[in-house]
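Chain and residue survey
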Amino acid sequence: MTNSPEKPKPLVLVVDDYQDAREMYAEYLEFSGFRVAEAKNGQEALDKAFELVPDVILMDLSLPVMDGWEATRRLKGDERTRHIPVVALTGHALKGHSEDANQAGCDAYVTKPCLPDNLVEQVKKMIARRDAASAS
């Protein structure tokens, strides 16, 4: 039996200005089998996304320095990162916000607070969708 190299765990970039939220999401994602990188504002999110090219980005929309809307637009407008699924994380549950998030380039939308299981499920969906798209 040959030992094939193990595929690295998917990398999730968690972008949130609240350290407690970042740590909670990161801990749960790591527990669920993902590698995690963190960013605390939109500019840092761009820098880390270009450097690390994560498999999925969880993007809080209300961020300092550069908000999540603008960061997502820039990620989706750049050839190096446009393929990365972005899941909008927001406390704004208003009807128009999910549409706005989609227009900014977000691939999915999760309202905070959310159960960690729901977040992990969304991340797995985004990776499966991306893998299916790249296979076809």
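Here the structure is a predicted model, which means the values were calculated and not measured.

The rules behind the values
Residues numbered from 1 in each chain as written. Predicted model: local features only at pLDDT ≥ 70, side-chain atom pairs only at ≥ 80, totals over all residues. Heavy atoms only, no water. Core = buried A, V, L, I, M, F, W, Y, C linked by side-chain atoms within 4.5 Å. Buried < 20%, exposed > 50% of the residue type's maximum accessible area, 1.4 Å probe, protein only. Helix = DSSP H or I, 4+ residues; strand = E, 2+ residues; numbered from the N terminus. Contact = heavy atoms within 4.5 Å. Pairing = 2+ DSSP bridges. Phe/Tyr/Trp six-rings, centres within 6.5 Å; stacked < 30°, edge-to-face > 60°. Lys NZ or Arg CZ within 6 Å of the ring centre and 35° of its normal. Axes fitted to C-alpha atoms, helices over the stretch in contact; angles between N-to-C directions. Parallel < 35°, antiparallel > 145°, perpendicular 65-115°, else oblique. Left-handed = near helix turned anticlockwise from the far one by under 90°. UniProt positions renumbered as here; feature names shortened; annotations may be inferred. Polar contact = N/O pair within 3.5 Å; in protein donor to acceptor, adjacent residues only side chain to side chain.

A few words now on the nonpolar core. In terms of nonpolar packing, the biggest core is built from 21 residues, with Leu13, Val15, Ile57, Met59, Leu61 and Leu75 touching the most fellow members. Mapped onto this core, the elements with two or more residues apiece are strand S1 (11-15), strand S2 (35-39), helix H2 (42-52), strand S3 (56-60), helix H3 (68-76) and strand S4 (86-90). Excluding anything up to four places from it in sequence, valine 15 contacts Ala39, Asn41, Ala45, Ile57, Leu58, Met59, Asp60 and Leu63.

What follows covers the pairing of strand S5 (residues 108-111). Only one face of S5 is buried, namely the one carrying Ala108 and Val110, since none of Tyr109 and Thr111 on the opposite face is buried. In terms of strand pairing, S4 meets S5 through four bridges, oriented parallel. For valine 87, the partnering residue across the bridge sits in S5 and is alanine 108.

Here we come to the packing of aromatic side chains. Inspection of every chain in the model, using the stated rule, returns one aromatic pair. Taking 6.0 Å as the distance between ring centres and 45 degrees as the angle between the ring planes, the aromatic pair formed by tyrosine 28 and phenylalanine 31 counts as tilted. Of this pair, tyrosine 28 and phenylalanine 31 both sit in helix H1 (residues 19-31), three residues apart, which is roughly one turn of that helix. Across from the ring centre of phenylalanine 50, 4.0 Å away, lies the NZ or CZ of arginine 80, which sits over that ring.

The next subject is the packing of H2 against H3. Following both chains from N to C, one finds H2 and H3 inclined at 25 degrees, their axes separated by 8 Å at the closest point. What the angle tells us is that H2 and H3 run roughly parallel. H3 is crossed by H2, and the crossing has right-handed handedness. Every residue of H3 that contacts H2 at Gly42, Gln43, Leu46 and Ala49 is listed here: Ala71, Arg74 and Leu75.

This brings us to the UniProt feature "modified residue: 4-aspartylphosphate" (unreviewed entry) in the chain. As annotated in UniProt, the feature "modified residue: 4-aspartylphosphate" (unreviewed entry) corresponds to Asp60 in the numbering used here. The topology assignment puts aspartate 60 in strand S3. Every residue in contact with aspartate 60, bar those within four places of it in the chain, is listed here: Val15, Asp16, Asp17, Gly68, Leu89, Thr90 and Lys112. At a separation of 3.5 Å, a polar atom in the side chain of aspartate 60 contacts the main-chain amide nitrogen of serine 62.

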